Amino acid sequence: MQRIDYGDINKFLVSIVIVLIGLALLTPYLYMKEDFGLYLSKEQITEFEEPIQSLISNKQNQISKIQKIIPWTSLGLFVLGLTSCIIGLVRWFKRQSKIDEKFDKEIKKLDLEIETLTPEEKIEKAKQEVKEIELAEQLESTAPIVPNTSSANKPYLDYMRIEQGLTQLFTNYKSPNFEIYSEQRLGKRFYIDLLLKAKSKKFSDRIIEIKYFRNQFPLSSIQRAIHQLNTYISYYKENANKQVVPILLIVYKKDNISEERLTGYKERIFVFASDIPNLNRLKVEFIAEENLSEFDVSKLLKR
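A quick note: this is a predicted structure, and the numbers were derived from the prediction, not measured.

Caption draft 1: Layout of the overall build of the protein chain. Counting its regular elements, the protein chain contains seven helices and six strands. Going from N to C terminus, the protein chain has its helices and strands arranged as α-α-α-β-α-α-β-β-β-α-β-α-β. The proportion of buried residues among the 303 residues of the protein chain is 37%. Look at the contacts in the protein chain between residues 6 or more apart in sequence, and 71% of them connect residues 24 or more apart. Accessible area of the protein chain: about 19200 Å², with a carbon and sulfur share of 55%.

Caption draft 2: How the structure looks around the pattern of salt bridges. Considering all chains together, one arrives at 13 salt bridges under this definition. Two residues, lysine 211 and glutamate 129, come together in a salt bridge whose shortest N-O distance is 2.6 Å. With lysine 211 in strand β4 (residues 205-213) and glutamate 129 in helix α4 (residues 119-140), this residue pair connects regions lying 82 residues apart in the sequence. No difference in accessibility class separates lysine 211 from glutamate 129, as the two residues are buried. Connected through shared salt-bridge partners, Asp158, Arg161, Lys253 and Glu289 make up one network.

Caption draft 3: How the structure looks around the packing of aromatic side chains. One pass over the full model with this rule turns up eight aromatic pairs. Residues phenylalanine 178 and phenylalanine 203 carry aromatic rings whose centres are separated by 5.6 Å and whose planes lie at 70 degrees to one another, so their mutual orientation is edge-to-face. With phenylalanine 178 in strand β2 (residues 178-186) and phenylalanine 203 in the loop between β3 (190-198) and β4, this residue pair connects regions lying 25 residues apart in the sequence. According to the relative accessible area criterion, phenylalanine 203 is buried, its value standing at 14%. Linked through ring pairs, Phe213, Phe217, Tyr252, Tyr265 and Phe286 together constitute an aromatic cluster. Looking at lysine 127, its charged tip hangs above the ring of tyrosine 156, at a distance of 5.0 Å from the centre.

Caption draft 4: Spotlight on α4. Here α4 contains 22 residues, and its C-alpha end-to-end distance of 32 Å stays within 8% of the 32 Å for a straight helix at 1.5 Å per residue. Lining the buried residues of α4 we find α5 (155-173), β2, β3, β4 and α6 (219-240).

Caption draft 5: Broad picture of the packing of α6 against helix α7 (residues 259-273). Where α6 meets α7, the closest approach of the two axes is 10 Å, and the angle between their N-to-C directions is 40 degrees. Classed by the angle they form, the pair α6 and α7 counts as oblique. The element α6 and its partner α7 pack so that their crossing is right-handed. Across the interface between the two elements, Leu219, Ile222, Gln223 and Ile226 of α6 pack against Tyr265, Arg268, Ile269, Phe272 and Ala273 of α7. Partitioning the contact of α6 with α7 into residue classes produces seven nonpolar, one polar and one charged.

Caption draft 6: The arrangement of α7 in detail. Relative to the 21 Å expected for 15 residues at 1.5 Å per residue, α7 spans 22 Å between its end C-alpha atoms, a close match to the ideal helical length. Taken together, the buried positions of α7 are Leu262, Tyr265, Ile269, Phe272 and Ala273. The arc that holds the buried residues of α7, viewed along the axis, is 85 degrees, so those residues lie on one side. When the buried face of α7 is taken as reference, the exposed residues oriented beyond 90 degrees from it are Glu260, Glu267 and Val271. In this structure, the buried side of α7 is in contact with α6, β5 (244-252) and β6 (283-288).

Caption draft 7: Representation of the side chain of glutamate 183. Mapped onto the fold, glutamate 183 is located in strand β2. The side chain of glutamate 183 is buried and forms no salt bridge, while lysine 122, the nearest opposite charge, is found at 4.0 Å. With sequence-adjacent residues up to four places away left out, glutamate 183 is seen in contact with Glu115, Thr116, Leu117, Lys122, Lys125, Glu163, Ile192 and Asp193.

Caption draft 8: Here's a closer look at the environment of phenylalanine 178. Overall, phenylalanine 178 belongs to the buried group, its relative accessible area being 5%. Here the alpha-carbon distance between phenylalanine 178 and leucine 196, two residues 18 residues apart in the chain, equals 5.7 Å.

Caption draft 9: Representation of unusual backbone geometry in the model. Located in the positive-phi region is lysine 174, a residue other than glycine, with phi close to 55 degrees. Along the chain, lysine 174 falls in the loop between α5 and β2. Positive phi outside glycine occurs at asparagine 241, with the angle close to 55 degrees. In this fold, asparagine 241 is placed in the loop between α6 and β5.

Caption draft 10: Quick peek at the sheet that holds β2. If you trace the six strands from one edge of the open sheet to the other, you get β1-β2-β3-β4-β5-β6, paired in mixed fashion. Taken across any chain shown, the strands that pair with only one partner, and hence form the sheet edges, are β1 (114-116) and β6. Strand-to-strand twist of the sheet, defined as the mean angle between neighbouring strand axes without regard to direction, takes the value 35 degrees. Bridge analysis of β3 against β4 gives three bridges, and the strand direction is antiparallel. Counterpart to leucine 196 in the pairing with β4 is arginine 206.

Scoring rules and cut-offs
- Residues numbered from 1 in each chain as written.
- Predicted model: local features only at pLDDT ≥ 70, side-chain atom pairs only at ≥ 80, totals over all residues.
- Heavy atoms only, no water.
- Helix = DSSP H or I, 4+ residues; strand = E, 2+ residues; numbered from the N terminus.
- Buried < 20%, exposed > 50% of the residue type's maximum accessible area, 1.4 Å probe, protein only.
- Contact = heavy atoms within 4.5 Å.
- Areas by Shrake-Rupley, 256 points an atom, 1.4 Å probe, with all protein chains shown as cover.
- Salt bridge = Lys/Arg side-chain N within 4 Å of Asp/Glu carboxyl O.
- Phe/Tyr/Trp six-rings, centres within 6.5 Å; stacked < 30°, edge-to-face > 60°.
- Lys NZ or Arg CZ within 6 Å of the ring centre and 35° of its normal.
- Expected span 1.5 Å × (residues − 1).
- Axes fitted to C-alpha atoms, helices over the stretch in contact; angles between N-to-C directions.
- Parallel < 35°, antiparallel > 145°, perpendicular 65-115°, else oblique.
- Left-handed = near helix turned anticlockwise from the far one by under 90°.
- Nonpolar A, V, L, I, M, F, W, Y, C, P; charged D, E, K, R; others polar.
- Arc of directions from axis to C-beta.
- Lys, Arg positive; Asp, Glu negative; His and termini not counted.
- Pairing = 2+ DSSP bridges.

See below:
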């Protein structure tokens, strides 16, 4: 007979069914197999001494009473076993569905591919970023902007320099709580500037989007950055099954932006992000390019 499993209440209910149904079937069999002295004739009984005769008579009376309840006992054991089986299986299936869901998420987590961009992809990514910002500046500027077509002018190199500078700040800080991955392809679908993977469950991962504005802040570029972060966070949480903090770092030239306008931009950003649940933990930092090397990254790494 199968050993009862005490490790889980649902497994216990299901495994005890074997015992109960087994008893329901064995009880009538064992009862019918034993003669209980009923096959003794009256003459044979009289050959015994009086105490033995009384004992046989009492036993026969008891067997007669037991015989009436044996079928009900067997039926009761069977019904109890069947009920326990149904309850145990229902509870087990509910629990198993949660286990399966967790397992599926773990599979997705294993399937989430994160790989570093090639040098060519990094250059192409920087060029695309600069192109989009310049286009947004042209559309939003009240004064015409004349693009510099000089072959010596390569603004994407400045963009890459800013991204590398920020990455270096995080690397130099040497946080014991995070592993740093710069310019990564997320699930073969998205390019992210910085990914900080927590080394323990005490901390959430960080996805960092970097923007560098040499002139003004085109609001459409900022809105686009916020929507990109939302997309990255949604995909990461769904596929990695981990909590993640979104961070937007905006680097600007100090001479081009007044403090008053800077405050206004900060307010607009949080207005943009206020209705997006995935960005409820959004951190935003404005960093003057001239002060980039002095930026304190530790405030972005707190729990």
